[in-house]
Amino acid sequence: MRHKKNNIFLGIDWLLVLFYFILIFLGWLNIYSATVTEDNYDIINFSSEYGKQIIWIGLSIPLILLILMFDAKLYEKYASIIYLVSLISLVGLFVLGKNINGATSWYSFGSFSLQPSEFVKAATALAMAKLVSEKNFNLKKIETQLQSMFILIIPALLITLQPDPGSALVYGAFIFVLNREGLPFYYITIGIVALALFISTLIFGSTTTLLGSLALFVLILLYFNFYRKKAFRRGWINIIGIYLMSALFIFSIDLVFNHVFEQRHRDRFNILLGKTADTKSIGYNTNQSVTTIANGGFLGKGFLEGERTKGDFVPEQQTDYIFTTVGEEWGFIGSSIVILLFALFILRIIRIAERQKTKFSRVYGYSIAAIFFTHFTINVGMVIGLVPTIGIPLPFFSYGGSALWGFTVLLFIFIKLDANRIYEW
Amino acid sequence: MKRFNLLTFSVVLISVIYIARLFYLQILDNSYSIPTLNNSAIKAVYDYPERGYIYDRNGILLVANQVSYDIMLIPNEVKNLDTLEFCSLLKITKEDLIKRTEKAIRYSPRIPSIFLPQLSKSDYAFLQEKMYKYKGFYIQKRSIREYPIKSAPNVLGYISEVNEGLIAKNPYYQLGELIGTSGIEKTYEDVLRGRKGVKFIQRNRFNKEIGSYKNGLYDTLPIPGKDITLTIDSRIQQYGEALMANKRGGIVAIEPSTGEILALISMPTYDPNLMVGRERSANFTKLYLDSISRPLLDRGLQAQYPPGSPFKVISALVALQENVITPYTTTTCHHGYKYGSGAGSFMKCHCGTGYPIELNTAIYRSCNSYFANAYRKVIEKYKKPYDGMNVWNKHVESFGLGNYLNNDLSVGQKGHVPDGDYYNRVYPNGRWRSTATISNSIGQGEVLTTPIQLANMTATVANRGFYFTPHIAKHIEGIPLDKKFKIPNYTTIDKKHFEPVIEGLFNVVENPAGTAHWSKVEGIEICGKTGTAENPHGQDHSIFIAFAPKDNPKIAIAVFVENGYWGSRWAGPIATLMIEKYLTGKTNRPLVEERMFKGSIQDEYDKQLLR
């Protein structure tokens, strides 16, 4: 028994490991294409970005081994401490942090830098898993709801203050976890309705939305009046109340959007919704990335053949906009395969999470699935012009050591937890 | 019940939406997918071929090319510019410098644009050694037009930079490129221009070139422009321009047997070299704004005048064809023609005969009464004047009058030949009779023609009943001439009716009593017709049409001299001198010639200004 426990590879899910390496490999190919230059094309070249990425990938192997070596129980045991340490690392940024691209999100060690927020995600997932696995956890209770919110709000707030609101947004992913663990559905429903009203108000204006939703609510009232007479007698005041709340919400969107938002925020939304055509300054990134992807066509231009990739037209192409390289060089076929790979990868994590015997492992797995999903949705959505410009990396694809390591830690802690399930009875 | 798995659902939903979006972007939507070679990642560098030369019918060079130098500017690359020194070097003011720089920035801060166009060779030699000091500025060589002979600017036309409207319509052109804007440069633009070659260069988003695109797979070599030989005879073109000095008007000469235009003169004219070089835009503005003498109006093609007496030729031919007169029908002229009972219904005549005259005499004495009578018989042959008018209209239009000639000239006017519908509009309810339109018979009334139409009509008479569409291109290197110029257009008049009329025209010059006997040239049988077209805006226009020799004619000509009074005063001598020059290569009437060279109607034009 002891001998078996010493084998760190025992029981790990090789399929997930395979997904991991496929995604890393494809990601590196595209980073290579996006950053290679005519006079600098050796694969082993540590002054280039693709060369540096090889180092990061290489160094992630000992990191993985390290994670697998620890006893799985330790992650649960020390979850709170890991969480606290990670929060301290965020607070420390305000004293020791280095400012890159306008955000103080980095610790600098000589020639390389680390971004703690990439690791805080894993710590928060552990903390959340720990909280949920406690005996008196019940999301129907306000107290529990507040506790969960508290765990999420603190790192999100610290990251927002850096300021890096994009990365903070990722903590919204935990709504999926809370929903899975019993958060009543109407929270989600309220969220969806609010989002729909928000978009509709921005596109069609407050008056149209107001009238449109009025018509909808009248229809609902009529339906209840004719077919659900009993429910109607009990519920009509509620329905009218909901409508009044919606109306208030619509007015407040109008107010916030036009008077609280700054012009740059408004621009991001307006460009996305097609209300302003701007290809020169603010809409430049989105326009370039969409054009570059469209340039790929069905089969793509081929590896290293993308004209716009070569011409360096897309800003930050090796980091946040790496998917444009996939789009241009590998075409519809290639980018669809990448999307499917991500979908299958996340679905695999969900599936494994569901088979866990401990609440802790399950919640952790569910958390990382939600985090990967959020990163994927926001990043790809931004690049193909469906989501406003929010700068967060595409897992395993985007250039950058902290992100790569952060996602590696996130994934392999789960693989370790899963491998340990054979000892759980 | 198993709880609905929101995350799984979302993963599947988002994947489907994203793949659908990619499908739309990469396959369905064409607004994003730019043609590969128009991609902003790829820069096209053009190699401009030399524009074709233009020669006259005898091989004399009319338009050539010369090298010019443009100063180009890339605003973003300008560094530490010594404004004062630079301005004095280029001989521009500081305000001008600022204005031009702003214009270049507006076009693009990164792409080169023309800062100062068309420097002369000497300016270039001087600047060349100093330009290295001014970062962001460089000199680019360019080919521009040169005109060895200062003649026929209206025929040759000029080239200028394409405007944005044209770029939008024709993707061949780019900002700053040259295009033929008028004359032959415009109609034969595609031929003269050739086709520019292109090299594609891959570049990055800073417009930095990083090598040739796909090793030159899509690159093309330039195709040189083709030379054009015109039908113009530059000798008589220049001679005609000299004869027309200080007079306004138009002259068109045509070779009847081919429809080739031998001379196309519009006066006042200007030196075509004004449209080239650094002063081009100033010169153009000056010519364009001259609303009094309007040098940019091609009077040979665009000015519409009442044809006056030369139109009697048509009246005679139509009357003969309609069998309402014979050459021997007589009319007696009592100093005019009374066509109604009212006191105003009288058309004056200066033929001064007073005895019964036949067609021949009527032509060479230019008798108004005879043709008014003949015209009236044509219209009244039909029950309704409306039908008569339409028959008449059909005959007249068969001479190429009243419509565009549909040739290879860049401008033109329809002129006007009225028909029954026209008079129904003027006199509603059909309350009009032949007499209301009687002025048409002598080329006044509602008839309007351009000089080229009248010259073509003369050629038609010279050919005894058909014409070839007048055209300006004789030969294009490697391209056959448009077939439509080789098909004869027949009139509705039978050939037999032309001889008696031509006899009358011959007598105009030959007979001592002819209206243009003064213009007779020894040894050449000229058939002509004078015209004095009434002009409500001032003195009458002097008109003359002629062809020669009488048999097997070589040249047909129409001359309009604005406000020149009698046809025989200016137009007659000018037309016959040009015929003489063309047929014999010289002229034997130095005194007449001298009078034409020196004669001026400027006084008359100045009088019009005062009015």
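Just so you know, these numbers come straight off a predicted model, no measurement behind them.

S.K.: I'm lost on the overall build of chain A in this one. Help?
M.R.: For chain A, the helix and strand inventory stands at 18 helices and three strands. When burial is assessed residue by residue, chain A has 41% of its 425 residues classed as buried. Counted over contacts in chain A with a minimum sequence separation of 6, partners at least 24 positions apart contribute 68%.

S.K.: Please clarify how the interface of chain A and chain B should be interpreted in this entry.
M.R.: How large an interface is tends to be reported as the accessible area lost when its parts come together. Of the residues lining the interface, 36 residues belong to chain A; the matching set on chain B comes to 29 residues. Listing elements by their share of the side of chain A that touches chain B, those giving two or more residues are α9 (174-180), α14 (284-296), α15 (307-310), α16 (322-354) and α17 (359-383) of chain A. A total of 10 residues in the side of chain A that touches chain B trace back to one element, the largest contributor, which is α16(A). Residue composition of the side of chain A that touches chain B, grouped by class: 20 nonpolar, 10 polar and six charged.

S.K.: Just checking my understanding: could you explain the pairing of strand β20 (residues 527-533) of chain B for this structure?
M.R.: Where a strand is regular, its side chains alternate between the two sheet faces. Residues and elements named next belong to chain B. The buried fraction of β20 is high, at seven of seven residues. Because side chains alternate across β20, one face comprises the buried residues Cys527, Lys529, Gly531 and Ala533, and the other comprises Gly528, Thr530 and Thr532, equally buried. In this structure, β20 lies alongside strand β21 (residues 541-548), joined through seven bridges in antiparallel fashion. If you follow glycine 528 over to β21, its bridge partner there is alanine 546.

S.K.: What am I meant to see in the sheet that holds strand β2 (residues 103-109) of chain A here?
M.R.: Backbone hydrogen bonds are what pair the strands of a sheet, in a parallel or an antiparallel way. Residues and elements named next belong to chain A. Reading across the sheet, the three strands line up as β1-β2-β3 and stay open at both edges, with antiparallel pairing between neighbours. Looking at the sheet topology across the chains shown, the edges are occupied by β1 (98-100) and β3 (112-114). The average undirected angle you get between the axes of adjacent strands in this sheet is 55°. Pairing of β1 with β2, which is carried by three bridges, proceeds in the antiparallel orientation. When the bridges of β2 are listed, asparagine 99 appears paired with threonine 104.

S.K.: Which parts of the structure should I look at to understand the packing of helix α12 (residues 312-321) of chain B against helix α15 (residues 385-397) of chain B?
M.R.: A packed helix pair is summarised by two numbers, namely the angle formed by the two axes and the spacing between the axes. Residue and element names in this part refer to chain B. Packing of α12 against α15 brings their axes to within 10 Å, and their N-to-C directions diverge by 120°. In terms of orientation, α12 lies oblique with respect to α15. Of the two possible hands of crossing, α12 and α15 adopt the one that is right-handed. Seen from α12, the contacting residues are Ile314, Val318 and Gln321; seen from α15, they are Trp392, His395 and Val396. Here the contact of α12 with α15 is composed, by residue class, of four nonpolar, two polar and no charged.

S.K.: For this particular structure, what's the right way to read the environment of B:His497?
M.R.: All names here are of chain B. Note on placement: histidine 497 falls in the loop between β19 (489-490) and α18 (498-510). For histidine 497, a count of 21 C-beta atoms within 10 Å gives the class buried. In this structure the C-alpha to C-alpha distance between histidine 497 and glycine 465, which are 32 residues apart in sequence, comes to 9.1 Å. In this structure histidine 497 touches Leu317, Leu320 and Gln321, once residues within four positions along its chain are discounted.

How each quantity is defined
- Residues numbered from 1 in each chain as written.
- Chains lettered and ligands numbered in written order.
- Predicted model: local features only at pLDDT ≥ 70, side-chain atom pairs only at ≥ 80, totals over all residues.
- Helix = DSSP H or I, 4+ residues; strand = E, 2+ residues; numbered from the N terminus.
- Buried ≥ 20, exposed ≤ 12 C-beta atoms within 10 Å, placed from the backbone.
- Contact = placed C-beta atoms within 7 Å.
- Nonpolar A, V, L, I, M, F, W, Y, C, P; charged D, E, K, R; others polar.
- Pairing = 2+ DSSP bridges.
- Axes fitted to C-alpha atoms, helices over the stretch in contact; angles between N-to-C directions.
- Parallel < 35°, antiparallel > 145°, perpendicular 65-115°, else oblique.
- Left-handed = near helix turned anticlockwise from the far one by under 90°.

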